Amino acid sequence: MKILVCITHVPDTTSKISFTENNTKFDTTGVQYIIGPYDDYSLARAIELKEQHGGSVTVVNVGEAETEPTIRKALAIGADDAIRINAHPSDSFFVAQQIASVVKEGGYDLVLMGRESIDYNGGQVHGMVGELVNMPSISPVMQLDIEGDTAKLSREIEGGKEQLEVKLPFIAGCQEPIAEWKIPNMRGIMMARKKPLDVRDPADNEQMTDTVRYELPPPKGEVKMFSADELDALVQALKNEANVL
Amino acid sequence: MAIVALVEDSDGKIKKSSIEAVVYAAALAKQISEDEVVALALGNQVSSEELEGLGKFGANRVLHANDERLNQGVIQAYASVVDQAMNETGANVLILAKSSLGDPVASRVAIKQQAALGANVVELPDLSDGFVVKSSIYTGKAFAHTKLDRDKKIIALRKNAITPEEGEGKATVEAFNPSLSDADFGATITNTEKSEGDILLPEADIVVSGGRGLKGSENWGMIEELADTLGAATGCSKPVSDIGWRPHHEHVGQTGVKVSPSLYVAVGISGAIQHLAGVNSSKYILVVNQDAEAPFFKAADYGVVGDAFEIVPQLTEKIKASQN
Ligand SMILES: Cc1cc2nc3c(=O)[nH]c(=O)nc-3n(C[C@H](O)[C@H](O)[C@H](O)COP(=O)(O)OP(=O)(O)OC[C@H]3O[C@@H](n4cnc5c(N)ncnc54)[C@H](O)[C@@H]3O)c2cc1C
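Residues numbered from 1 in each chain as written. Chains lettered and ligands numbered in written order. Predicted model: local features only at pLDDT ≥ 70, side-chain atom pairs only at ≥ 80, totals over all residues. Heavy atoms only, no water.

Tell me about the overall build of chain B, and please be specific about residues and values.
Scanning chain B from terminus to terminus reveals nine helices and 17 strands. For chain B, whose C-alpha radius of gyration is 21 Å, the value lies close to the compact-globule estimate of 20 Å for 324 residues. Each of the three principal axes of chain B carries a C-alpha extent, and together these read 60 × 45 × 40 Å. A burial count over chain B gives 62% of its 324 residues as buried. Contacts in chain B between residues at least 24 apart in sequence constitute 65% of all its contacts with a sequence separation of at least 6. Put simply, chain B has 29 plus and 43 minus side-chain charges, and the middle of one group is 5 Å from the middle of the other. (Helix = DSSP H or I, 4+ residues; strand = E, 2+ residues; numbered from the N terminus. Rg over C-alpha atoms; globule rule 2.2 N^0.38 Å. Buried < 20%, exposed > 50% of the residue type's maximum accessible area, 1.4 Å probe, protein only. Contact = heavy atoms within 4.5 Å. Lys, Arg positive; Asp, Glu negative; His and termini not counted. Charge placed at Lys NZ, Arg CZ, Asp CG, Glu CD.)

What follows is the structure in structure tokens.
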């Protein structure tokens, strides 16, 4: 089975977010980059599926040279090879087009990615790729098993979950608890250096949106503290000040 | 021309987030001098009366694809119906709620319609220089102002971003018969498990969440009672669902459900940054924690330092008393 896993290169979940150049650029000072947490789940599941069914796992990232350590980490976790599309991921449509061209060429049985990136939280790329290559796309996927040419999976819905069946090939946007994250070991890290990383130029340069500026939420006011014997006052505040009761 | 709003229902009742989509569509129609607001409903579980009622929120017309195969949200089939409805009405704009169905449907329709898609949008667009939407990014830690650079536009609206007000009016309901092929049902839904009668967590106006401080699933009764009293949904922190004290779909945060209620009540939750990421767009946050140094107090509007086992039952009683 040939599996493609799409990974994002995103600021660590604990990063402080700020902007420079009059709120038009993300401030990377002191920011640690990681594989998108949801992508990490897809990668972990892809490696488990390879262990069960044989085949290969390729990772793809749309990004400039600075994403290579993130890609190498995916190789150290167990992907066999990698593709980097050498371009700034300017919007979801642009990224989806790049991934779609890799999917079309590669003859993959399964394309996995995170349900969303943790920077833009768009949750759009899986559906766009699915439509561009005319395959079913399913998200957010919490469980995924393959039997022959059929996948059995479950998807989170508001207040519950849904079980589905779909024939390969298809695209899935994944989330926990699809697999346990895998941590690279020393051997993996050593091997990752030698695994192939193919750098390609973007297939197309079209985008449909343009982010013009950023904004931070207004700072929080001071918290109002109540002691255990002031709960009446708390209820009054919730009722009359916050108007939520 | 028209603006189409996709409405999802849950067992025949239109979801609150979809009503918000209709209200947003109506407000946008005013802003861009568009006269037709068309709501699109799928499946045969939702009644005509329920659909006519969308008139009160600003819809003029409702297209109803009254087909049993659409009772369940098969992503491709939904995308195909929405695409056909946009063509039929000549719509340039589609509004839908960001949801487990809204997101994947929006992205497929964006390709079909060659439409620019704004995800996680929190307010009406700014039209002073193009069509610019404000979206929540970095899991609520920032906003992006994004220009939608195509004639056709799709807006996936964050839940609770706007407050629907009920007006007057009745929408006319028309049957809509899209053509659907087997390929649209490439994925088959074999089973659905839903928690019965609960208020849907992502849509709830008040959420009461418990963390590891509650020490065990057997202690959730007091959380549920407080939630019942407030008409709230219940949530939890990630370790709580990892240990299995609560189901996974209740886990709130960066890797779980994002909520944006009027009031978020956090009991025995430390306030790790990944948890805050799912709740930081709540209007008000009340924290109950025995540790005065818990980081959650920094993000809270109201706080009580104390043992949850003492505070929560008392608070529930006092809220009950205040409701009488
Ligand atoms: C990539 C990543 C993603 C993550 N995503 C999420 C996420 O989506 N959601 C999430 O929640 N976490 C997430 N986490 C985990 C997160 O970092 C924290 O570990 C978690 O939120 C802690 O949960 P907690 O506050 O319930 O437990 P704890 O950290 O154990 O805190 C328990 C709190 O309860 C208080 N307490 C104890 N007893 C009482 C009592 N009797 N009365 C009152 N208070 C009491 C304590 O003072 C303490 O503050 C993520 C972590 C990572 C690395």
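Mind laying out the state of the cysteines, listing which residues take part and the relevant values?
Residue and element names in this part refer to chain A. In total, this model carries zero disulfides over all chains according to the counting rule given. Cys-6 provides the cysteine sulfur closest to Cys-174, a residue in no disulfide bond, and the two sulfurs are 9.9 Å apart. A relative accessible area of 0% places Cys-174 in the buried class. (Disulfide = S-S within 2.5 Å.)

Which residues make up the environment of Ala204(B), and what values do they have?
Residues and elements named next belong to chain B. Examined against the element boundaries, Ala-204 turns out to sit in the loop between β12 (187-194) and β13 (206-210). When the C-alpha positions of Ala-204 and Ile-285 are compared, they lie 14 Å apart, and in sequence the two are 81 residues distant. Those residues in contact with Ala-204, other than ones at most four positions away along the chain, are Asn-160, Ile-199, Ala-233 and Pro-261.

Describe the sheet that holds strand β12 (residues 170-174) of chain A, and please don't skip the residues or the numbers.
Ordered in space as β13(A)-β7(A)-β6(A)-β1(A)-β8(A)-β12(A)-β9(A)-β10(A)-β11(A)-β12(B), the 10 strands form an open sheet in which the pairing is mixed. Single-partner strands in this sheet number two, and they are β13 (197-200) of chain A together with β12 of chain B. Neighbour-to-neighbour, the strand axes of this sheet turn through a mean angle of 25 degrees, independent of strand direction. Pairing of strand β8 (residues 110-114) of chain A with β12(A) involves five bridges; the strand directions are parallel. Bridge pairing in β12(A) places Leu112(A) opposite Ala172(A). Lying over the sheet, helix α4 (residues 125-133) of chain A contacts β8, β9 (137-147) and β12 of chain A, oriented at roughly 175 degrees with respect to β12(A). (Pairing = 2+ DSSP bridges. Axes fitted to C-alpha atoms, helices over the stretch in contact; angles between N-to-C directions.)

Would you mind going over the interface of chain B and chain A in detail, with residue names and values included?
Across the contact, 84 residues belong to chain B and 79 residues belong to chain A. A buried area of about 7,000 Å², summed over both sides, lies between chain B and chain A, and 56% of it is on carbon and sulfur atoms. Connecting chain B to chain A are 11 salt bridges. Sorting elements by how many residues they give to the side of chain B that touches chain A places β12(B) first, with eight residues. Residues of the side of chain B that touches chain A, tallied by class, amount to 36 nonpolar, 29 polar and 19 charged. Looking at chain direction, strand β15 (residues 224-226) of chain A and strand β17 (residues 302-305) of chain B are connected through three bridges and run parallel. Directly across from Met225(A), in β17(B), lies its bridge partner Gly303(B). (Buried area = accessible area lost by both parts, 1.4 Å probe. Salt bridge = Lys/Arg side-chain N within 4 Å of Asp/Glu carboxyl O. Nonpolar A, V, L, I, M, F, W, Y, C, P; charged D, E, K, R; others polar.)

Tell me about the site of the ligand, and name the residues and values.
Around the ligand sit 28 residues in total, of which Ser237(B), Ser270(B), Gln274(B), His275(B) and Asn289(B) are the nearest. Residues within reach of the ligand are spread across chains A and B. In this structure, an oxygen atom belonging to the ligand sits 3.5 Å away from a main-chain N or O atom of Gly256(B). In the model, an oxygen atom of the ligand is placed 2.6 Å from a nitrogen or oxygen of the Gln274(B) side chain. With the chains in place, 80% of the 980 Å² that the ligand exposes on its own is no longer accessible. Counting only elements with at least two residues in the shell around the ligand, the list comes to α6 (238-243), α7 (273-276) and α9 (308-323) of chain B. Each residue belonging to the shell around the ligand can be placed in one class, and the counts come to seven nonpolar, 16 polar and five charged. (Near = heavy atom within 4 Å. Polar contact = N/O pair within 3.5 Å; in protein donor to acceptor, adjacent residues only side chain to side chain. Areas by Shrake-Rupley, 256 points an atom, 1.4 Å probe, with all protein chains shown as cover.)

Would you mind going over the side chain of Arg158(B) in detail, with residue names and values included?
Residue and element names in this part refer to chain B. Position of Arg-158 relative to the elements: it lies in the loop between β10 (153-157) and β11 (172-175). Here Arg-158 occupies a buried position and makes no salt bridge, while the nearest side chain of opposite charge, Glu-20, is found at 8.5 Å. Those residues within four positions of Arg-158 in sequence are excluded, and the remaining contacts are Glu-20, Lys-98, Asn-120, Val-121, Val-122, Ser-136, Ser-260 and Ser-281.

Give a detailed account of the pairing of strand β6 (residues 56-62) of chain A, specifying residues and quantitative values.
Along any regular strand the residues' side chains alternate between the sheet's two faces. Residue and element names in this part refer to chain A. Of all seven residues making up β6, six are buried, and the element is well covered by its neighbours. When strand β1 (residues 2-6) meets β6, the two strands line up parallel, connected through five bridges. Bridge pairing in β6 links Leu-4 to Thr-58. In the sheet, β6 pairs with strand β7 (residues 81-85) via five bridges, with the strands oriented parallel. Of the residues in β7, the one forming a bridge with Thr-58 is Asp-81. Handedness of the crossover joining β6 and β7 through helix α2 (residues 68-77) is recorded here as right-handed. (Right-handed = clockwise from strand over helix to strand, strands pointing away.)

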